[in-house]
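Each chain, letter by letter, is given below.
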Amino acid sequence: GENVEQHPSTLSVQEGDSAVIKCTYSDSASNYFPWYKQELGKGPQLIIDIRSNVGEKKDQRIAVTLNKTAKHFSLHITETQPEDSAVYFCAAAETSYDKVIFGPGTSLSVIP
Amino acid sequence: DTGVSQDPRHKITKRGQNVTFRCDPISEHNRLYWYRQTLGQGPEFLTYFQNEAQLEKSRLLSDRFSAERPKGSFSTLEIQRTEQGDSAMYLCASSLLGQLNTEAFFGQGTRLTVV
């Protein structure tokens, strides 16, 4: 089955700097790669996703890249703000409506 | 509120007791998923339904766990003879498989503590 790895497990950046989280997956059948933000005591919230037919997607300060050949995908957050502090999960699935396999998470702290 | 709703938000129970959680998906969503999340880990898939049919169960779902979605709308997850290792956040998500496929939206979760 699918296995998703994620690095780093913790990340601390100064406000205004960029944050990068990297993930790898194992199952070549995966074609959908969502990223979730989880705040304390809340459920995961989808912040951006990418499908295998594109290599990059951007939404304001957030961008994701996908290298399907290498089975790598990454999340980039620019101009970080304190409210970006949370746990971020990468994930993989065959389609957007299939079960999602999550990575172990990255705890991001943005220092004012 | 048109999001995924879970009840209760918190449950404390004694070891050996049975507990039941409820999930109300987004109204038009035909797929419903259950996940379990332990502290410091990512959510782990347990099972999912398409309408009322349970299509897949993870090996994590032991015989003490049972999930139902009798009318294809809300779902319940029951844990019998709870153990301390069952302490976790139980998350529900829903999505739409159809002409307009959507990604999964998660609820706020039910945090279970077994003492």
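All values reported here derive from a predicted model rather than from experimental measurement. Throughout, residues of each chain are indexed from 1 in the direction in which the sequence is written. Just so you know, chain letters begin at A and ligand numbers begin at 1, following the order they were written in. Where totals are concerned, whole chains, interfaces and linings use all residues; where local detail is concerned, this predicted model gives features only for residues with pLDDT of at least 70, and gives and counts side-chain atom pairs only at 80 or more. Remark: hydrogens and water are excluded; side-chain values derive from all non-hydrogen atoms of the structure.

Caption draft 1: Geometry of the packing of aromatic side chains. Ring pairs shown here join Phe, Tyr and Trp side chains whose ring centres sit within 6.5 Å, with only the six-membered ring taken for Trp; geometry is labelled stacked below 30 degrees between planes, edge-to-face above 60, and tilted in between. One pass over the structure, following the stated rule, counts 16 aromatic pairs over all chains. Centre to centre, the rings of Tyr25 of chain A and Phe33 of chain A are 4.7 Å apart; their planes meet at 45 degrees, and the pair counts as tilted. Summary of the burial criterion: residues with accessible area below 20% of their type's maximum are buried, those above 50% are exposed, and those between are partly exposed, where the area comes from a 1.4 Å probe applied to protein chains only. Among the residues examined, Tyr25 of chain A registers a relative accessible area of 5% and is labelled buried. For the ring pair Tyr33 of chain B and Tyr48 of chain B, a centre distance of 5.6 Å and an interplane angle of 25 degrees mean the geometry is stacked. Of this pair, Tyr33 of chain B sits in strand β4 (residues 31–37) while Tyr48 of chain B sits in strand β5 (residues 44–50), and the two are 15 residues apart along the sequence. With respect to class, Tyr33 of chain B is no different from Tyr48 of chain B; both count as buried. Numbering of helices and strands runs from the N terminus, with a helix taken as a DSSP run of H or I at least four residues long and a strand as a DSSP run of E at least two residues long.

Caption draft 2: Seen up close, the pairing of strand β4 (residues 32–38) of chain A. All names here are of chain A. Here β4 lies mainly inside the structure; seven of its seven residues are buried. Burial along β4 is two-sided: Tyr32, Pro34, Tyr36 and Gln38 facing one way and Phe33, Trp35 and Lys37 facing the other are all buried. Relative to strand β5 (residues 45–51), β4 runs antiparallel, the two sharing six bridges. If you follow Tyr36 over to β5, its bridge partner there is Leu46. If you look at the hairpin formed by β4 and β5, you'll find six residues sitting between the two strands, and Gly41 has a positive phi there, around 80 degrees. In this sheet, strand β9 (residues 86–92) lies alongside β4 in antiparallel orientation, the contact comprising four bridges. Pairing of Tyr36 across the sheet is with Phe89, part of β9. Here, any two strands with at least 2 DSSP bridges between them count as paired.

Caption draft 3: Representation of the sheet that holds strand β6 (residues 56–59) of chain A. Residues and elements named next belong to chain A. Spatially, the five strands line up as an open sheet ordered β1-β3-β8-β7-β6, and their pairing is antiparallel. Edge strands, defined here as strands with exactly one partner in the open sheet, are β1 (4–7) and β6. Across the sheet, the axes of successive neighbouring strands diverge by a mean angle of 15 degrees, strand direction being ignored. Where β6 meets strand β7 (residues 62–67), four bridges bridge the pair, whose relative direction is antiparallel. Its bridge partner lying in β7, Asp59 is registered against Ile62. Whenever a helix is involved, its axis is fitted only over the stretch in contact; in every case the axis is a line through C-alpha atoms, and angles between N-to-C directions fall within 0 to 180 degrees.

Caption draft 4: The arrangement of the sheet that holds strand β7 (residues 65–68) of chain B in detail. Residue and element names in this part refer to chain B. Strand order in the open sheet made by the four strands is β1-β3-β8-β7, with antiparallel pairing throughout. Each end of this open sheet is capped by a strand with a single partner; those strands are β1 (5–7) and β7. Strand-to-strand twist in this sheet, taken as the mean axis angle between neighbours without regard to direction, amounts to 15 degrees. In the sheet, β7 pairs with strand β8 (residues 75–79) via four bridges, with the strands oriented antiparallel. Across the sheet, the residue bridging to Phe65 is Ile79, located in β8.

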